[in-house]
Amino acid sequence: MIRFTAKAVSAIAVSASFCMALAATSAIGVVTSNGNIYLNDAKTAANATVFDGSTIQTQSAVGQVRMTSGSRIQLGADSRGKFYSDRVVLEKGTARVEGYTASANGLKIETGANGSAALMMKGATVEVASIAGNIRVYNAYGVNVANLVPGKALDLTPQDAGASAATTVTGVVKKSGKALLITDETSNVTTEVKGAGLKEGERVQVTGTPVAGAKPTPPATQVIQVTSRKVLGAAAAGAAGAAGAAGAGAGAAGAAGAAGAAGAAGAAGAAGAAAAGAAAAGISATTAVVAGVAAAAAAGTAAAVSVNNSGTTCPAGHSLEPGTNTCN
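Quick notes on the rules
- Residues numbered from 1 in each chain as written.
- Predicted model: local features only at pLDDT ≥ 70, side-chain atom pairs only at ≥ 80, totals over all residues.
- Heavy atoms only, no water.
- Salt bridge = Lys/Arg side-chain N within 4 Å of Asp/Glu carboxyl O.
- Phe/Tyr/Trp six-rings, centres within 6.5 Å; stacked < 30°, edge-to-face > 60°.
- Lys NZ or Arg CZ within 6 Å of the ring centre and 35° of its normal.
- Helix = DSSP H or I, 4+ residues; strand = E, 2+ residues; numbered from the N terminus.
- Buried < 20%, exposed > 50% of the residue type's maximum accessible area, 1.4 Å probe, protein only.
- Polar contact = N/O pair within 3.5 Å; in protein donor to acceptor, adjacent residues only side chain to side chain.
- Contact = heavy atoms within 4.5 Å.
- Core = buried A, V, L, I, M, F, W, Y, C linked by side-chain atoms within 4.5 Å.

Q: How should I be thinking about the pattern of salt bridges in this particular structure?
A: Oppositely charged side chains may form a pair once their charged atoms are brought near each other. As enumerated under the stated definition, the model contains 11 salt bridges in all. With its nearest N and O atoms 3.0 Å apart, the salt bridge here joins Arg 87 to Asp 86. Residues participating in the shared-partner salt-bridge network are Arg 72, Arg 96 and Glu 98.

Here it is as structure tokens:
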């Protein structure tokens, strides 16, 4: 017969609690850097294990985080992020996210399995650029507020976190069955619109409020009741502007590819060129406000983080191997 003293039982309980704590804080990745970084406010060099909820702060060198899932996140110099098993929360600076979900200022950025996005914190604004894949951005209530294709960059500024925040979009009214849809020229988000006076084929700028409980007609992501409408021209003018923007964007994207893809620098350049093409076609640049998030073409360069400390520029989808000047 085995007997346990109270002290032994206590030791077993402590040991069990410790094992449970280890299980609850299992490693989710590894961070490496050519310089010093702070992991949960503790200074560390070279590399360290990342646990669920770990905060990483870089200094003069970038930090490479490889998740156990295979996803990769690159924190730019002087940047800070909090890492979880399913997302990284960028709190300061810049980051490049590959095959992972990120959030910043209440916005959720989804890259998908093969996508790559670059983020830059600019006060209350988050600059998002698509380096590869279709990047989708959602507000705090799960409403899709922006869609970015490769070579597209937007400045996104949350203005109202309310689920009933007003929406302002610009685009050509199109019909899908009995529904009228507008795909915004800036955010690339499709909205179903309801209201008197809307005509298929017109290029308009409309403002409205969400219709509670309404189920949008795909590919729309929300339904709004229009409260104001401004006719900007016929669909032909809108198409001409879109063609000019697409041509300028394609040229910028090609130049970025030939240069080896300086990540978001190319993305921002494409966005700026697209805006220039639209202006040349007689269409003024617009700012979309989708579910309380303002979206405007970015003038900066979100993926500056892809240009690392050594001065080596890695192609889209690649990053510098720690301790080397070689892209992986």
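Q: How should I be thinking about the packing of aromatic side chains in this particular structure?
A: Two aromatic rings, taken as a pair, are described by how far apart their centres are and by the angle between their planes. Overall, the coordinates contain zero aromatic pairs when judged by the stated rule. Across from the ring centre of Tyr 84, 4.2 Å away, lies the NZ or CZ of Arg 87, which sits over that ring.

Q: In this structure, what is going on with the side chain of Ser 130? I would like to understand it.
A: By the element assignment, Ser 130 lies in strand E12 (residues 125–132). With relative accessibility at 1%, the residue Ser 130 sits in the buried group. Side-chain polar atoms of Ser 130 contact the backbone oxygen of Gly 133, separated by 2.7 Å.

Q: Would you mind going over the environment of Ser 26 with me for this structure?
A: Among the structural elements, Ser 26 can be located in the loop between helix H1 (6–24) and strand E1 (27–39). By relative accessible area, which is 40% here, Ser 26 ends up partly exposed. As a C-alpha pair, Ser 26 and Thr 49 span 23 residues in sequence and 9.8 Å in three-dimensional space. Dropping the residues within four chain positions of it, Ser 26 is found in contact with Phe 51 and Asp 52.

Q: Help me out: how do you make sense of the nonpolar core in this one?
A: Note that soluble globular proteins tend to have their nonpolar side chains buried in a common cluster. In this structure, Ile 56, Phe 83, Val 128, Val 137, Leu 156 and Val 206 are the most contacted members of the largest nonpolar core, which totals 50 residues. With residues near it in sequence (within four places) discarded, Val 137 still touches Leu 107, Lys 108, Ile 109, Val 128, Val 143, Asn 144, Val 145, Ala 146, Leu 148 and Leu 156.

The quantities given are spatial measurements derived from coordinates; they are silent on function.
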